[in-house]
Structures are given as C-alpha cells and as structure tokens.
Amino acid sequence: MSLQCGIVGLPNVGKSTLFNCLSNAKAQSANFPFCTIEPNVGVITVPDERLIKLGEICKPERGVIPTTVEIVDIAGLVKGASKGEGLGNKFLANIRETDAIIHVLRCFDDENVVHVDGTVDPVRDKEIIDAELQLKDLETVESRIQKCEKAAKAGGDKFAKLQLEVLVKYREALSQGRNARTVELDNKDQEAAARDLFLLTNKPVMYVCNVDEASAVTGNAYVEKVKEAVKDEDAQVLVLAAKIESEIAELETYEERQMFLEEIGLQESGVNRLIKAAYALLNLRTFLTAGSDEVRAWTFKAGAKAPQCAGVIHTDFERGFIRAEVIKYADFIALGGEAQCRAAGKLATEGKDYLVQDGDIMHFLFNV
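Everything numeric here is computed off the predicted structure, so don't read it as measured data.

Undergrad: Kindly report on the overall build of the chain, identifying the contributing residues and their values.
TA: Summing up its helical and strand segments, the chain has 14 helices and 12 strands in all. Looking at the 368 residues of the chain, the share that counts as buried comes to 48%. Considering only residue pairs separated by 6 or more positions, the chain has 70% of its internal contacts joining residues 24 or more positions apart.

The following block contains the structure:
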C-alpha cells in the first residue's frame with residue numbers, strides 16, 4: 001500500500017531534520033533555503049507495542065515484522081509558489097502526489113537559524129503556504145467549473161451538475177481564504193464528486209509544531225497560537241522538538257532512548273507519536289498475523305472487509321476467499337495464544353462482509 005504523507009513547510013523550519021529522524025535517510029539539512037530539492041522518500045516503520053507482546057507469546061522463528069508508512073520530504077515553499085516562484089511548481093507537483101500533509105511550523109526562537117521572513121510567526125507561515133495552495137486550487141476549480149458548465153448544459157450530464165454544485169462551494173471558500181477541507185458537503189454523492197477533484201487544500205493535514213527543548217513537554221505561546229488558528233480545520237496539532245529527536249536518534253539502545261525521554265519528562269518520542277499520527281491521518285489500520293513462524297503487522301484502509309484484507313497478504317487469498325478466523329488482540333494476550341482462544345470459544349469465523357477492525361488477529365482460509 002503506497003499511500004504517502006508529504007512533509008511541507010517554509011524553508012528552515014526543521015523539515016529535513018525531522019525527516020532524517022524519521023527515516024535515517026541522507027536528506028541534506030542545512031541552514032539555508034532549498035537544501036531539499038528532490039523529494040526524499042522514506043519507508044518508515046510504524047511503532048506498534050502489540051507486536052512485542054505477540055512476539056513474547058508466539059516466539060516466532062522468523063521474528064516480528066512491523067508495517068510501514070511512506071513519508072516524503074518536499075522542498076521548502078516561498079510566497080509566489082502558485083505562480084512558479086522559487087521551487088513552486090516542483091513543490092506543488094510533489095505535494096499533489098501525496099495523500100496527506102504533515103505541515104511543519106517553526107515554533108522556536110534561535111538567532112542562529114535564519115528565518116526566510118526574518119521573524120518567527122508560525123501562524124503567518126501557515127497562512128503563506130495555505131494561500132499558495134488555495135490559489136492553485138482556485139485555479140483548478142475555475143477551470144473545472146467551465147468544463148462542468150458546458151457538460152451540464154450540452155448533454156445534461158448528471159455527474160457534471162453534481163460536481164458543479166461542489167465546485168461552487170469550493171470556489172466560495174477558497175475565495176474567502178479558507179481551505180477546501182473546511183467545506184461541509186451535503187451528502188455522500190457530493191463527497192464522491194469532491195474526491196475526483198484532488199484539491200491540494202482538501203488533503204488531510206497535521207500541523208507539527210517544532211519547538212525548543214524547554215517546550216518539548218508543555219508547548220509554548222507559539223503552539224497555542226497555532227491551535228487557535230486551526231481550530232476550525234478538523235486538523236491535529238502535534239508538538240515535538242526536532243533537535244531533541246535528532247539527539248534521541250543517535251542513541252544506540254532502546255534503554256538509552258527511554259532514559260533520555262524520562263529525563264526530559266516524555267513517555268514516548270515525538271517521532272513515534274508522529275509516525276502513528278501520520279498512519280492514522282492516512283486512514284490506515286493494522287491487522288495482525290501471529291504464529292510460530294512469524295508475527296506480522298499488515299496495513300489496510302479503514303472500512304475494508306475481510307476479503308480485501310486477505311488480498312493484502314496475497315491476491316490469491318482474496319480471489320479464493322472462503323472465510324476468516326478472527327481473534328481479538330485483547331483475548332489473545334489475556335489467554336496466552338491461539339490454542340487457548342480456540343478452547344475458550346474466543347475465535348470467531350467471519351465471512352465476506354466482515355469489517356476488519358484494527359488489531360484483529362486473522363487467519364484466512366481460501367481455495368483457488
């Protein structure tokens with residue numbers, strides 16, 4: 001499953017530092033704009049404590065295999081990107097290819113790190129990027145409106161009429177400086193028509209406030225301003241200190257990292273929290289397989305049914321799907337394994353219409 005989150009932001013807000021922490025990739029991180037020119041793609045392991053406990057019970061020969069998510073580090077944006085300024089065209093093309101946005105905002109003061117606009121103001125920075133994306137979306141919407149009007153009049157195209165209703169809503173919002181994701185659609189038909197538009201400001205977004213070490217636990221005044229600014233966007237705000245995260249990433253053992261976190265008052269690293277949040281932002285969930293050979297996490301889109309999840313493992317599993325055997329994770333842990341769950345009647349047999357839940361431990365029966 002190749003869904004991607006794109007990391008965006010103005011130059012010098014900490015995007016590449018954060019990306020390096022996430023993936024240990026070689027994204028250049030320097031104190032000047034545009035050090036990231038081509039998007040760097042990192043395949044990131046998704047932390048999942050459930051796998052550790054399942055591994056302890058099953059003791060699998062081939063070990064424990066986590067699932068992953070793709071993170072893309074995209075070049076820094078400047079004013080005028082929608083008109084091609086700076087690396088605007090490249091930025092907009094790269095972000096259009098992603099499925100969700102991680103928007104990094106600088107929420108720390110440091111006279112040694114240049115800010116592209118001279119002063120630190122995360123809300124202003126957010127609005128700069130929003131404005132450029134909105135202008136590009138407005139350009140797209142205006143163009144599509146003309147096409148839909150012609151199609152609706154000429155051939156009585158019902159879908160064109162439906163999409164035209166949606167486009168008019170988006171044009172009004174974008175003209176007012178609001179993101180497309182803030183628009184409330186009337187029904188599922190309009191939602192389906194909206195998906196076909198692929199608007200930049202309609203992608204799900206998470207705002208990452210990059211703070212100094214002293215603010216890593218509690219946040220700061222900059223963070224509060226960001227929260228107030230995005231309160232109507234249905235967007236998550238996550239606080240982390242990229243500089244601290246880079247120090248944590250250099251520690252060799254899990255024990256050393258945990259001690260470091262405890263010393264600064266954190267239970268979990270910001271990177272782990274970010275990866276989990278990015279996974280959820282993409283509307284992804286995890287089902288599990290657990291046995292003596294391996295314990296493994298598999299990614300599926302929320303709302304998927306059993307045959308679709310079987311197809312994640314192998315297309316033959318979906319094509320010849322018969323049924324799925326499902327054990328809830330909590331039961332597997334409480335009873336100590338599959339055999340105990342079978343004996344206790346905690347193994348359910350599910351058919352083609354079963355909606356798979358996050359954390360389900362599954363075994364698929366098929367015939368091709």
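Undergrad: Describe the packing of helix 5 (residues 158-175) against helix 6 (residues 188-195), naming the residues involved and giving the relevant values.
TA: Direction vectors running N to C along helix 5 and helix 6 enclose 80°, while the axes themselves pass 9 Å from each other. In terms of orientation, helix 5 lies roughly perpendicular with respect to helix 6. Here helix 5 contributes F159, L162, Q163, E165, V166, K169 and Y170 to the contact with helix 6, which in turn contributes D189, Q190, A193 and A194.

Undergrad: An account of the sheet that holds strand 6 (residues 205-210) is needed here, citing residue identities and associated values.
TA: Ordered by their spatial adjacency, six strands build an open sheet running 2-4-1-5-6-7, and the pairing between neighbours is mixed. Since the sheet does not close on itself, it has two edges, and those belong to strand 2 (40-45) and strand 7 (236-240), each with one partner. Neighbour-to-neighbour, the strand axes of this sheet turn through a mean angle of 25°, independent of strand direction. Sheet analysis places strand 5 (residues 100-106) next to strand 6, joined by six bridges and oriented parallel. Note on strand 6: the bridge partner recorded for R106 is N210.

Undergrad: Give me the lowdown on the nonpolar core, citing residues and values where you can.
TA: Formed by 60 residues in total, the largest nonpolar core has its most connected members in L22, I71, I102 and L274. Non-local contacts of L274, meaning those with residues more than four positions away in its chain, are made with L18, L22, I102, M206, V208, L238 and L240. L162, Y170, A173 and A194 belong to the second largest nonpolar core, which has 17 residues in total.

Undergrad: Account for helix 2 (residues 49-58), with residues named and values stated.
TA: The α-helix winds at 3.6 residues per turn, so residues separated by three or four positions along the chain end up facing the same way. Within the span of helix 2, buried status applies to R50, L51, L54, G55 and C58. Taken end-on, helix 2 shows its buried residues confined to a sector of 135°, consistent with a single buried face. Residues of helix 2 that are exposed and angled more than 90 degrees away from the buried face: I52 and E56. Those residues of helix 2 that are buried lie in contact with strand 3 (64-65), strand 8 (284-290), strand 9 (295-301), helix 13 (329-335) and strand 12 (361-366). Directly beyond the C-terminal end of helix 2, a positive phi value near 45° is found at K59.

Undergrad: Break down helix 5 for me, citing the residues and quoting the values.
TA: Helix length check: helix 5, at 18 residues, gives a terminal C-alpha distance of 26 Å against a target of 26 Å (1.5 Å per residue), a fit within 8%. For helix 5, the set of buried residues is A160, L162, Q163, L164, V166, L167, Y170, A173 and L174.

Undergrad: How would you explain the packing of helix 8 (residues 242-250) against helix 9 (residues 254-264) if you had to name every residue and give the values?
TA: Between helix 8 and helix 9, the shortest axis-to-axis distance is 9 Å and the interhelical angle comes to 150°. Between helix 8 and helix 9, the angle is such that the two are roughly antiparallel. Helix 8 and helix 9 meet at a crossing whose hand is right-handed. Touching I244, E247 and I248 of helix 8 are R257, F260, L261 and I264, all from helix 9.

Undergrad: Could you give me a rundown of the state of the cysteines, with the residues and numbers involved?
TA: Per the stated rule, a full pass over the model turns up zero disulfides. Here C107 is not disulfide-linked; the sulfur of C209 is the nearest cysteine sulfur, at 3.9 Å. On the accessibility criterion, C107 (0% relative accessible area) is buried.

Undergrad: Before we move on, could you go through the packing of aromatic side chains and cite the residues and values that matter?
TA: The full count for this structure, using the stated rule, is five aromatic pairs. Both rings, one in F287 and one in F364, keep their centres 5.8 Å apart while their planes meet at 90°; by these two values the pair is edge-to-face. Here F364 lies in strand 12 and F287 lies in strand 8, a separation of 77 residues in the sequence. Among the residues examined, F364 registers a relative accessible area of 6% and is labelled buried. Feature note: the residues F287, W298, F300, F321 and F364 constitute an aromatic cluster, connected by ring pairs. The ring of F108 carries the charged tip of R106 above its face, separated from the ring centre by 4.5 Å.

Rules of the game
Residues numbered from 1 in each chain as written. Predicted model: local features only at pLDDT ≥ 70, side-chain atom pairs only at ≥ 80, totals over all residues. Heavy atoms only, no water. Helix = DSSP H or I, 4+ residues; strand = E, 2+ residues; numbered from the N terminus. Buried < 20%, exposed > 50% of the residue type's maximum accessible area, 1.4 Å probe, protein only. Contact = heavy atoms within 4.5 Å. Axes fitted to C-alpha atoms, helices over the stretch in contact; angles between N-to-C directions. Parallel < 35°, antiparallel > 145°, perpendicular 65-115°, else oblique. Pairing = 2+ DSSP bridges. Core = buried A, V, L, I, M, F, W, Y, C linked by side-chain atoms within 4.5 Å. Arc of directions from axis to C-beta. Expected span 1.5 Å × (residues − 1). Left-handed = near helix turned anticlockwise from the far one by under 90°. Disulfide = S-S within 2.5 Å. Phe/Tyr/Trp six-rings, centres within 6.5 Å; stacked < 30°, edge-to-face > 60°. Lys NZ or Arg CZ within 6 Å of the ring centre and 35° of its normal.

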